[in-house]
Structures are given as C-alpha cells and as structure tokens.
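Residues per chain are reported as follows:
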Amino acid sequence: MADPTGFLKYEREEPKKKPYEERLSSWGEVYAEVDPAERNEQVRKQASRCMDCGIPFCHSGGSGCPLGNLIPEWNDLVRRGDWAAASDRLHATNNFPEFTGKLCPAPCEAGCVLSISPLSGGPVSIKRVEQTIADQSWEAGYVQPQVSEVSSGRRVAIVGSGPAGLAAAQQLTRAGHEVTVFERDDRLGGLLRYGIPEFKMEKKVLDRRLAQLRKEGTRFVTGCEVGVDLSVEDLRAQYDAVVLAVGALRGRDDTTTPGRDLKGIHLAMEHLVPANKFVEGDGPPAIDARGKHVVIIGGGDTGADCYGTATRQGALSVTQLDQYPTPPTVRDDARSPWPTWPYILRTYPAHEEAGERKFAVAVRRFVGSAEGHVTAVELQQVRVQKDPVSGRREVIPINDEIETLPADLVLLAIGFEGVEEMPLLSGLGLSLTRRGTLSCGADWQTETPGVFVCGDAHRGASLVVWAIAEGRSVANAVDTYLTGASDLPAPVHPTALPLAVV
C-alpha cells in the first residue's frame, strides 16, 4: 500500500485557477481546464504523497470522513494508474464523489497524518484526488446505471432532493424498492441547485448524476410541496415508508440591531436563490448587487458564496464582516490539536478576486435614507466571550470608535436555525427540537412509525459529506424496516459527531 516516501518526493500542489478577470466575467467554475492526461499525471503524483501511516485517520468517522471513504486504497490505485479500480473503491462508499470533491471542506485532510506537522509539506490533497477520480470515471464511462434485478414491491417516498435525499433514493432504488422523490422547487437538487453558486459547482454536474438516478428507476416529482399539493393522508396511503430530507433552511435573522427594518437588508438565501435561478435562465434576479456597495455579515461558507456572487453581479465594493478575530494561518495545537478540524484562516477563491474582509467587528446600527433604504452600516470593534453564568455568547464593544461603511445591499449570512415550519410536519404529528431539528431513534425513525429523517433536517446545517452519509444510513434503516434485514451500508449512527475539543 502507498509509497512511504512519496511525500518527500512531491510537494503538495493545488489545482490551478483561472485568472481573476476571467472568473469575474463568467459564472463558470473557478478552476482552469487541464488536458485530462496532464491532469491525471499531476494527481497521480499527489496521490503518491499518501504514506503508509498504519492507522489512516483520514477515513475515520470521528476525525476524518464520515462516509468512511477508503482513501488510502484509492490513493494507491491512482498512484499505480488503475483509474477503473479507483473509481470502484470510491463509489463503494460515496454515491456522489463529484459533489464532495467540489464542495466538501475535506475533514479527511485535517485528519491526514501529514497534517501533524507543517514540516511534512501539508496533508495529501485528498479532495483533489477524489475529484479527479470522479471526473475520470465519467470521462471513461465507468459510471453506469445500476438497475436492480429484483423488486421488493414496496414504495418509498423521499421528501427533499438535496444530497441526503438523493443518496437515500439511489440506495433504496438499487435495493429494489420503488422510490419517488418529491421536491417543492421547480428543479431538483435542493441546496445543490439553488444554494451553491455555479462558480463552485456547475449544475451540469448535478444534472448528469440525476440522469443516472432516473435510469436506475428513481422517480422525481417537482413543484410539489408535500402536505399542501399532496396531502399527508394520501402520502401515507400510497407509500410504505417516508423519508424526510427537507433540509434546515430557516435562516437566522438579526432582529436586535437598530435599522434592521430598512429596505435592502436581506437574508443570504434571498440573494443566492434568485442569483442561481438567473444562471439557470430564469431572468434577472430581484436582488442584484450590480452597482452597489455590498456588506455581508457572517464569515462562513454562505457568506463566501454571497461574496463571489456579488462580485460577479458587478458590485461596486464587497465587504465581509466577522465578529471573531482573524484566525491563525497555521493550526494552534492548544486550541484544535490534530486530528480535529483546525481553527485557521480559510481563504476561498472568491476572497482572492475582489473586496475585503474585516475581523473582530460588529454592526452597531444600519443607517438609512429618508426613503427608508439602507445607505451605510456603523461598525465597532468587538470581542466575543461567554457569559460565565449563562454560558451564552456575548459580543462586547472594546472601544467607542465608530467606522462607517457605505452599504446599498446588506446580506445576513449568520447561519441557519433549523427546519422550516411546514404543514407536512404538523400533518405527520412531528414537532421540532430546541435546535430546530427533527429527532429520531437509533433506527433513524421519528416518533411517527414509518417516517424517517436524515441530513440537515436531523443534524442541522452541516456538510455535504455528512448529508450523504446520513442518506446512505437511513436507506439501510428503511430497507430493514421494509424487509426485516439489509445489506446496505450504514456509515454513521444518528448520534455520531465529529471529533472536537470541548
């Protein structure tokens, strides 16, 4: 297995990106196109950096990949140029490696043994290897529909077509069940479709995989809100089991800062969804950053997505605000020791293109015009601390200095509060937890018999790799519920959590 001296021979290299000007003038993915033969040779060298580490933390569910991806195995197969076998090993644990290869922040790399010390040159570029295997799999025709040879005669409804719902659907269809996926939007994919900008993952990648699912026998119904367009009574009468993969799309709002009611202040998804629909050909978005000074509140992934979207729309300026101080550029072993997810400064491609980020600041108030539209934000430097009694997070100004930024459009990207209220839940007799999620037992079944839950609806807003892992696991539970036993993999337990420092 592997080359124990490979990391000494080859340096870690990231894929090359397009020039800034080209990226900002197009909605296409940011990475430069490379001849497949040249790409494969580059990645073969990167895979050769995978050492014979003995205990591969990279595919540990706690400190690495919750899917249990067989990373050392397919790294070695890529090193030897056996792309077909590498594709087989990758797809054995991951239904959609092209999604995770483009969108997952790669906890596997944080758990790589080469992450212990910067002297190693950095972890194996696992995400790049995974993405290249996926690309080569489609180019060489390794990816084919897997049609079940038997039929169970059982029907399963899956509500939601995000990564969790699609993973569950594919697994259950391949097990011989008749699966129908219901999606309330006009197109399939959930957040993959309307939450992820085109420059991070072009939607032709999603459409290609959806075509495979259709050929395998999965049925899709769009524009259908279950509980409204299809009654809960009809749903339960027509299907033997129901999987709720409805996501956690209830955006967190800021209701305390003065001026929040001004026009021009929106939740992040109110900006991202119409922008993605515009790229799909649905016409100009109602919320457009063109010619505006844009301020994004929130330093996470969603904020970065708004950032890159605003620059491509032609914003005059883009500023992203984060309440926390600038993170270190290297892992602080006292705060986030290996193999936990490191607390470090993460610079997305969008941050390289234009605009700026400000750390350790918070909005004091939103300033508006006489017509009631936001025109500026007033900032203060702050520190974030925990109240010693309640344990709640407090944002404390550290001085009286005020900085004023022009702002014609303000986007709140401060997280999600859980599952949206919907008639489906009340119709099924389900209520949300204090975290805004749906609870389940060890068998992924909610308190309503025959109704299961997975993905963000169960876990809260999380990573695409956790969504796929939960979708695969709930498929095992549904298959067992319907037939008494299952050979489908179940990579995670409902109570599984990533390793973290408390």
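In this text the structure is predicted, and so the values were computed from the model without any measurement.

On to the overall build of the protein chain, then. When helices and strands are tallied, the protein chain shows 18 helices and 14 strands. Against the globule reference of 23 Å for 502 residues, the protein chain gives a C-alpha radius of gyration of 23 Å, in line with a compact fold. Taken over the C-alpha atoms alone, the protein chain extends approximately 70 × 65 × 50 Å along its principal axes. As displayed, the protein chain offers around 22,100 Å² of accessible surface, 51% of which is attributable to carbon and sulfur atoms. Charged side chains of the protein chain number 54 positive and 67 negative; the gap between the two group centres comes to 2 Å.

Moving on: the pattern of salt bridges. Taken as a whole, this structure holds 31 salt bridges when the rule is applied. Ionic pairing is found between Arg80 and Asp76, a salt bridge with its closest N-O pair at 3.1 Å. Residue Asp186 is joined to Arg187 by a salt bridge in which the shortest nitrogen-to-oxygen separation is 3.5 Å. Asp186 gets classed as partly exposed once you look at its relative accessible area, which sits at 42%. Residue Arg187 is classed as partly exposed on the basis of its relative accessible area of 21%. Three or more residues are tied together by salt bridges with common partners; here these are Asp186, Arg187, Arg193, Asp207, Glu280 and Asp282.

Our focus in this paragraph is the UniProt feature "domain: FAD/NAD(P)-binding" (unreviewed entry) in the protein chain. UniProt records the feature "domain: FAD/NAD(P)-binding" (unreviewed entry) for residues 155-326 and 383-471 in the present numbering. The span residues 155-326 carries 36% helix and 18% strand; its end-to-end C-alpha distance comes to 51 Å.

Let's shift gears to the sheet that holds strand S14 (residues 451-453). The strand order across the open sheet formed by five strands is S3-S2-S1-S4-S14, and the pairing between neighbours is parallel. On the outer flanks of this sheet lie strand S3 (219-221) and S14, each paired with one strand and no other. Here the strands of the sheet are splayed against their neighbours by 20° on average, with no regard to which way each runs. Of the strand pairs in this sheet, strand S2 (residues 178-182) and S3 are connected by three bridges, and their pairing is parallel. Paired with Val181 across the two strands is Phe220, which belongs to S3.

For the rest of this paragraph, the subject is the packing of helix H5 (residues 83-91) against helix H8 (residues 126-139). The N-to-C vectors of H5 and H8 enclose an angle of 110°; their axes lie 9 Å apart at closest approach. One element, H5, and the other, H8, form an angle in the roughly perpendicular class. As H5 packs across H8, the resulting crossing turns out to be left-handed. Contact residues: H5 offers Trp83, Ala86, Ser87, Leu90 and His91, while H8 offers Glu130, Thr132, Ile133, Ala134, Gln136 and Ser137. Across the contact of H5 with H8, the residue classes break down as five nonpolar, five polar and one charged.

Turning our eyes to something else, we now look at the packing of aromatic side chains. Applying the stated rule across the entire model yields four aromatic pairs. Relative to Tyr239, the ring of Phe182 has its centre 5.9 Å away and its plane inclined at 90°; by these criteria the two rings are edge-to-face. Taken together, the positions of Phe182 in strand S2 and Tyr239 in the loop between helix H12 (232-238) and strand S4 (241-244) put the pair 57 residues apart, joining distant regions of the chain. The class of Phe182 is buried, set by a relative accessible area of 6%.

Cut-offs and rules
- Residues numbered from 1 in each chain as written.
- Predicted model: local features only at pLDDT ≥ 70, side-chain atom pairs only at ≥ 80, totals over all residues.
- Heavy atoms only, no water.
- Helix = DSSP H or I, 4+ residues; strand = E, 2+ residues; numbered from the N terminus.
- Rg over C-alpha atoms; globule rule 2.2 N^0.38 Å.
- Areas by Shrake-Rupley, 256 points an atom, 1.4 Å probe, with all protein chains shown as cover.
- Lys, Arg positive; Asp, Glu negative; His and termini not counted.
- Charge placed at Lys NZ, Arg CZ, Asp CG, Glu CD.
- Salt bridge = Lys/Arg side-chain N within 4 Å of Asp/Glu carboxyl O.
- Buried < 20%, exposed > 50% of the residue type's maximum accessible area, 1.4 Å probe, protein only.
- UniProt positions renumbered as here; feature names shortened; annotations may be inferred.
- Pairing = 2+ DSSP bridges.
- Axes fitted to C-alpha atoms, helices over the stretch in contact; angles between N-to-C directions.
- Parallel < 35°, antiparallel > 145°, perpendicular 65-115°, else oblique.
- Left-handed = near helix turned anticlockwise from the far one by under 90°.
- Contact = heavy atoms within 4.5 Å.
- Nonpolar A, V, L, I, M, F, W, Y, C, P; charged D, E, K, R; others polar.
- Phe/Tyr/Trp six-rings, centres within 6.5 Å; stacked < 30°, edge-to-face > 60°.

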